[in-house]
Structures are given as C-alpha cells and as structure tokens.
Amino acid sequence: MEEFVECVSAVRTDSIVEADLAAATRLGAPGTPTVLVNGEMYLGNPFRFADIVERHLATTPLEGPS
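Residues numbered from 1 in each chain as written. Predicted model: local features only at pLDDT ≥ 70, side-chain atom pairs only at ≥ 80, totals over all residues. Heavy atoms only, no water.

**Q** Please provide a residue-by-residue account of the pattern of salt bridges, values included.
**A** By the definition in use, this model includes 2 salt bridges. Across the pair arginine 55 and glutamate 40 runs a salt bridge whose closest N-O atoms are separated by 2.8 Å. Highlighted residues: arginine 55 in helix 3 (residues 49–59) and glutamate 40 in strand 2 (residues 40–43), separated in sequence by 15 residues. Take arginine 55: its relative accessible area is 42%, and that puts it in the partly exposed class. Notably, a salt bridge pairs arginine 48 with aspartate 51, separated by 3.0 Å at the nearest N-O pair. Take aspartate 51: its relative accessible area is 43%, and that puts it in the partly exposed class. (Salt bridge = Lys/Arg side-chain N within 4 Å of Asp/Glu carboxyl O. Helix = DSSP H or I, 4+ residues; strand = E, 2+ residues; numbered from the N terminus. Buried < 20%, exposed > 50% of the residue type's maximum accessible area, 1.4 Å probe, protein only.)

Have a look at this one:
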C-alpha cells in the first residue's frame, strides 16, 4: 500500500496522467473504457476486443513485409 500511495502522489505521475487525459479529450473519449481501432471509437463495457479486432482485420488486412 505504501508503494501505491507513493506512486499516486508522485509529481512524475501527474504529468503522465495529464498528458493521457489531454489526449483522450482531444479524441473525444468520454471515459473508460474507450478503445480506438482504425479510427473507430468503442465506448463502455461490455465489448469484446477480440471481436472488434477480427472485424477490422476482415476489412483491412495487415500488410506484411514484401
């Protein structure tokens, strides 16, 4: 518990959290969980991440090395 309190109160953590919050605000993410895949936003719970990835792979296959 001491390590957790130390981490949460550390100044270095503030800047990381603030940067993440600013990025989420720019992207329009209203809260957690929010997942972005190929520019599509999925909000709330429940969502099955595997289903989302499979759907996107079916429409936009990965490109491997030539």
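**Q** Quick rundown of the side chain of histidine 56? Include the residues and the values.
**A** With respect to the element layout, histidine 56 can be found in helix 3. In this structure histidine 56 touches Val37, Asn38, Glu40 and Tyr42, once residues within four positions along its chain are discounted. (Contact = heavy atoms within 4.5 Å.)

**Q** How would you explain a nonpolar patch on the surface if you had to name every residue and give the values?
**A** The grouping of Met1, Phe4, Val5 and Val8 at the surface amounts to a nonpolar patch, some 460 Å² of accessible area in total. Inspection of the secondary structure puts phenylalanine 4 in helix 1 (residues 2–9). Phenylalanine 4 gets classed as exposed once you look at its relative accessible area, which sits at 54%. (Patch = residues over 30% accessible without salt bridge, like charges linked within 9 Å, V, L, I, M, F, W, Y side chains within 5 Å. Areas by Shrake-Rupley, 256 points an atom, 1.4 Å probe, with all protein chains shown as cover.)

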